[in-house]
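# Coordinates in review
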Amino acid sequence: MQFRYSLQKLMDLKEREKEEAENVYSSAVKTFEEVATELYHLLKRKEALEEDARAKLSSLVSVLDIQSMQASMLFLQEAIVKQQKRTQLARAKMEEKHQLLLDASFEHKKHEKIREKKRMQFVVEENRLEQVSMDEISVQRFVRQ
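What comes next is a walk through the structure. Computed from a prediction, not measured in an experiment: that's the story for all the values here.

Moving on, we come to helix H1 (residues 8-57). The end-to-end C-alpha distance of H1, which contains 50 residues, comes to 73 Å, matching closely the 74 Å that a straight helix rising 1.5 Å per residue would cover. Inspection of H1 places Met-11, Lys-14, Ala-21, Ala-28, Val-29, Phe-32, Val-35, Leu-39, Leu-42 and Ala-53 among the buried residues, and these make up the whole buried set.

Now the structure itself:
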């Protein structure tokens, strides 16, 4: 007789949930990486702009150029603040999806252990029945002699 797990459909469902959680998590990681990369580029632009401003300020520069640099810096700073908020949201979402993945993995692993336990019980019972059968055959042979 072959082992058949009575909750196999549930086990399959938990497997699909785990795979779906893995896909959602990897998508959230990708989104976070994109948003964080964009923030990194904004910060690099700000750093370059500050360096350029320092270089220009060490020489003679017009008031109009200073106002232009300040406006650019202010615009870039606002963009950085917005991007930091997006990055924080993406990180929070990624962490939430990671927790869902951990939960789904835990559930799947729990059901795998239950199935393995049931399989081991099945094997033990099969061996016991086989032993009982062998004992009956031995007794019948002994009686015939």
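Attention now moves to the environment of Leu-60. One can find Leu-60 in the loop between H1 and helix H2 (63-144). Expressed as a C-alpha distance, the spacing of Leu-60 and Glu-19, which sit 41 residues apart in the sequence, is 62 Å.

Before going further, it helps to spend a moment on the nonpolar core. Judged by nonpolar contacts, Ala-28, Val-29, Phe-32, Val-35, Ala-90 and Met-94 together constitute the single largest core of six residues. Of all the elements in the fold, those that place two or more residues in this core are H1 and H2. Broken down by element, this core gets its largest block of residues, four residues, from H1.

This brings us to the side chain of His-111. Mapped onto the secondary structure, His-111 falls in helix H2. Residue His-111 is classed as buried on the basis of its relative accessible area of 9%. When near neighbours in sequence (up to four residues on either side) are disregarded, His-111 contacts Tyr-5, Leu-10, Met-11 and Lys-14.

Right, let's talk about the pattern of salt bridges for a bit. Tallied over the full model, the rule gives eight salt bridges. The salt bridge partner of Lys-14 is Glu-107, with a shortest N-O separation of 3.9 Å. Highlighted residues: Lys-14 in helix H1 and Glu-107 in helix H2, separated in sequence by 93 residues. Residue class for Lys-14 comes out buried when judged on its relative accessible area of 15%. Glu-107 sits in the partly exposed class, given a relative accessible area of 24%. In this structure, the salt-bridge partner of Glu-116 is Arg-119, at a minimum N-O distance of 2.9 Å. On the criterion of helical spacing, the pair formed by Glu-116 and Arg-119 is a turn pair, its members being three residues apart in helix H2. Taking the relative accessible area as the measure of exposure, Glu-116 reaches 36% and is therefore partly exposed. Within the structure, one salt-bridge network assembled from shared partners comprises Lys-14, Glu-17, Glu-107 and Lys-110.

The rules behind each value
- Residues numbered from 1 in each chain as written.
- Predicted model: local features only at pLDDT ≥ 70, side-chain atom pairs only at ≥ 80, totals over all residues.
- Heavy atoms only, no water.
- Helix = DSSP H or I, 4+ residues; strand = E, 2+ residues; numbered from the N terminus.
- Expected span 1.5 Å × (residues − 1).
- Buried < 20%, exposed > 50% of the residue type's maximum accessible area, 1.4 Å probe, protein only.
- Core = buried A, V, L, I, M, F, W, Y, C linked by side-chain atoms within 4.5 Å.
- Contact = heavy atoms within 4.5 Å.
- Salt bridge = Lys/Arg side-chain N within 4 Å of Asp/Glu carboxyl O.

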